[in-house]
Structures are given as C-alpha cells and as structure tokens.
Amino acid sequence: MEYSIESAALFNPSIVAHPDQTGLPSGSTRLLMSLRATGEGHISSIVFRQGEISQDGTISFESPGDSSRTGEIVQDYQYAKPLFLKKLIEMQCHSPEVDRVLDKLESRFTVAELEIASKVLLGVNQTSSAMKDAVGHIRNLAHANYELQFDDQTDPSDMVIFPTARGESAGMEDVRLVRFVDDDGSVTFYGTYTAYDGRKILPQMFETTDFQRFRIMTLAGKYAHDKGMAMFPRKIGGQYVMVSRLDGESLYLMRSDNPHIWN
C-alpha cells in the first residue's frame, strides 16, 4: 500500500551532530535532523535528513531516496515489572486485576509471556469486565514500549519511524532529538516525543547509539506528562536534566538519576 507520509506537512525540526563524522573537509560537521512528517489522515511520524555545515557556515542537506523504509519490531523485547507497574499506577490503570496478571509474570517478561498469562486469566474470568479492562491496559502499555531494527544498509534519510502502538496510532509528534554525552564519554541519541491516540497523549522517548536499532519507551514519574520535554546533552551535578512544559504553559527544569523516570 502506498502512503504519503509528508503530504500534509514537514516541520518541527531538531538537529544534532551526526554519529558519523568521517570523510569531511577540515572544519566541517555532518548534521542529522529529525522532522515531524504529517501525511494522509494527518497522522504524524518521525523522519530524518542528513546534511553538512562547512567551515564558512554554509549548510547543505542531502536529498532523501525515492521511498522510505520502516523498521522491524524486535520480538524478544523485555519489560521490567516494577517500572511497568509504576507507569500503570501513574496512568490510573492500577487495579487488583492488574496485580493478578502481573503476579503471573517474572520480574522481566516479554509480550509473548504476557499474552500467555492474559489468555489464562481471561479464560478463567470470561464474564469479568474488570479483568478485560486490566488486560487491555497492560497490553496497551506493553505495545507502547518496543524496539525497532532497521537494515544496516538503510540510510537515515530513508527511515520513517511510523506509529506502531495503539497509544500512538494518531501520531508520533514533535520529537526533540539530543546527542547525549555521558560522563564516560559514551554517546546516546535521545528523542523525546508525544504519542497521540486521538484522545489522550503519552510522553515517549526513543534512544539509539547507531540509528539502526531504536529502543522506544514510555517515560515514567510524577512529572513525566504533557508536552515540550527535551533532554539536556549532558548531566549537570551528576543528574540527567530535562526541560518540560508540564503545566501546558510554563517551562520547567526537571532532574533525575534515571533518564526514564522523572519525579
């Protein structure tokens, strides 16, 4: 099926230094830019463009290929149960039935293991609407946290991270891309964005080191909500720092010991 991912708009850029800086003239830097692509049905996805800034300040961008490629979902992705439960509580989806499902799972579990436990409990409690709701909430959160793998021959300019989970079915909006350098010198690219299902939003983040494999997760914590979230490119005072518009109006600085949990 042909789908025009940029037919309505291509906007909201963020830009970082490209992970590959080889083969450049002296004084030049290769760039990588993320964009919000809005297509048919006004569904938004995440795309990238590559470019270069020369020593004299001239900026140029490479043209993308004729078609875009999506990544393959990694099937053996594991979830940490304590963090998973914490997010369900924050989403006001916690219940005794949720506990019954999670009690059947190990401290780390996969979607396949979740489905086995869910089907057993749904089979025993066929008429329980509370159990059906609990399984639905758990499945939705699980599907919002996943990994994507792109072919190692895929150029970033030809990649599209297209909505996969139900929670982002109406769009992946306004990614803010940051090249984060940790205390040991290692580099991780974080991209905070807003998942939208047509009714409610969910703060999400992807992380990658190579722009081939992407880990996508829901941000947790008391202040991980609303829009406008963007990581700082390094720790300050030993902590991760995020700018956030958590009240929908003003900008706040948030600090955390964990890039995925913001209390």
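Right, let's walk through the structure included here. (Residues numbered from 1 in each chain as written. Predicted model: local features only at pLDDT ≥ 70, side-chain atom pairs only at ≥ 80, totals over all residues. Heavy atoms only, no water.)

### Structural notes on the overall build of the chain
Step number 1: Assigned secondary structure in the chain consists of four helices and 16 strands.
Step number 2: The globule rule puts the C-alpha radius of gyration for 263 residues at 18 Å, and the 20 Å found for the chain is close to it.
Step number 3: Across its three principal axes, the chain shows a C-alpha extent of roughly 70 × 50 × 35 Å.
Step number 4: In the chain, which comprises 263 residues, the proportion classed as buried is 46%.
Step number 5: Taking as baseline every contact in the chain between residues at least 6 positions apart, the subset at least 24 positions apart corresponds to 56%.
Step number 6: In the form shown here, the chain has an accessible surface area of approximately 13,400 Å², with 48% of it arising from carbon and sulfur atoms.
Step number 7: Seen as two clouds, the 26 positive and the 36 negative side-chain charges of the chain have centres 7 Å apart. (Helix = DSSP H or I, 4+ residues; strand = E, 2+ residues; numbered from the N terminus. Rg over C-alpha atoms; globule rule 2.2 N^0.38 Å. Buried < 20%, exposed > 50% of the residue type's maximum accessible area, 1.4 Å probe, protein only. Contact = heavy atoms within 4.5 Å. Areas by Shrake-Rupley, 256 points an atom, 1.4 Å probe, with all protein chains shown as cover. Lys, Arg positive; Asp, Glu negative; His and termini not counted. Charge placed at Lys NZ, Arg CZ, Asp CG, Glu CD.)

### As for the layout of surface pockets
Step number 1: Each pocket or cavity is described by its volume, and for the largest pocket that value is around 430 Å³.
Step number 2: Of all the secondary structure elements, the ones that give two or more residues to the lining of the largest pocket are helix 1 (81-90), helix 4 (129-143) and strand 12 (201-208).
Step number 3: Considered as a void within the structure, the second largest pocket measures approximately 220 Å³ in volume.
Step number 4: In this structure, the second largest pocket is lined by 15 residues; those nearest its centre are Tyr 77, Ala 80, Leu 83, Asn 145 and Met 217.
Step number 5: Looking at the lining of the second largest pocket, the elements that each hand over two or more residues are strand 6 (79-80), helix 1 and strand 13 (213-218).
Step number 6: Partitioned by chemical class, the residues of the lining of the second largest pocket number eight nonpolar, four polar and three charged. (1 Å grid on protein atoms, 1.4 Å probe; cavity = no way out; pocket = protein on both sides within 12 Å on 5 of 7 lines; lining within 4 Å. Points joined across faces, edges and corners; volume = space filled by probe spheres on them. Nonpolar A, V, L, I, M, F, W, Y, C, P; charged D, E, K, R; others polar.)

### Regarding the side chain of Ser 34
Step number 1: Note that Ser 34 resides in strand 2 (residues 29-38).
Step number 2: There is a polar contact of 2.5 Å between the side chain of Ser 34 and the side chain of Ser 14. (Polar contact = N/O pair within 3.5 Å; in protein donor to acceptor, adjacent residues only side chain to side chain.)

### A look at the nonpolar core
Step number 1: Counting residues in hydrophobic clusters, the biggest one holds 22 residues, and the most contacted among them are Ile 46, Phe 48, Ile 161, Tyr 193, Phe 206 and Phe 214.
Step number 2: Taken together, the elements giving at least two residues each to this core come down to strand 3 (44-53), strand 8 (146-149), strand 10 (171-181), strand 11 (187-196), strand 12 and strand 13.
Step number 3: The contacts of Ile 46, once residues within four sequence positions are left out, are Leu 35, Met 159, Val 160, Ile 161, Met 172, Val 175, Tyr 193 and Phe 206.
Step number 4: In this structure, Tyr 79, Cys 93, Val 98 and Val 135 belong to the second largest nonpolar core, which totals 19 residues. (Core = buried A, V, L, I, M, F, W, Y, C linked by side-chain atoms within 4.5 Å.)

### Observations concerning the pattern of salt bridges
Step number 1: All told, the structure shown has 13 salt bridges when counted by the stated rule.
Step number 2: Taking the shortest distance from any N to any O, the salt bridge between Asp 183 and Lys 235 comes out at 4.0 Å. Of the two residues, Asp 183 is situated in the loop between strand 10 and strand 11 and Lys 235 in the loop between strand 14 (227-231) and strand 15 (240-245); the sequence distance between them amounts to 52 residues.
Step number 3: Here the salt bridges do not stand alone but share partners, grouping Arg 36, Glu 173, Asp 174 and Lys 227 into one network. (Salt bridge = Lys/Arg side-chain N within 4 Å of Asp/Glu carboxyl O.)

### Regarding the side chain of Glu 207
Step number 1: As for its position among the elements, Glu 207 is in strand 12.
Step number 2: Glu 207 sits in the buried class, given a relative accessible area of 16%.
Step number 3: Side-chain polar atoms of Glu 207 contact the side chain of His 260, separated by 3.0 Å.
Step number 4: If we ignore the near neighbours within four places in the chain, the residues touching Glu 207 are Thr 188, Phe 189, Tyr 190, Arg 213, Phe 214, Arg 215, Met 217 and His 260.

### Things to note about the pairing of strand 12
Step number 1: Burial runs high along strand 12: seven of the eight residues are buried.
Step number 2: Both strand 11 and strand 12 contribute to a ladder of eight bridges, which runs antiparallel. Across the sheet, Tyr 196 pairs through a bridge with Ile 201, a residue of strand 12.
Step number 3: Pairing geometry for strand 12 and strand 13, over four bridges, is antiparallel. Among the inter-strand pairings, Phe 206 is bridged to a residue of strand 13, identified as Ile 216. (Pairing = 2+ DSSP bridges.)

### Regarding the sheet that holds strand 14
Note on sheets: strands pair through backbone hydrogen bonds, and any given pair is parallel or antiparallel.
Step number 1: Spatial ordering of the open sheet is given by 14-15-16, a layout of three strands whose pairing is antiparallel. Each end of this open sheet is capped by a strand with a single partner; those strands are strand 14 and strand 16 (252-256). Within the sheet, the average angular offset between the axes of one strand and its neighbour, ignoring direction, is 25°.
Step number 2: With three bridges joining them, strand 14 and strand 15 adopt antiparallel strand pairing. Within strand 15, the position partnered with Ala 230 by the bridge is Val 243. (Axes fitted to C-alpha atoms, helices over the stretch in contact; angles between N-to-C directions.)

The values are spatial; any link to function lies outside them.
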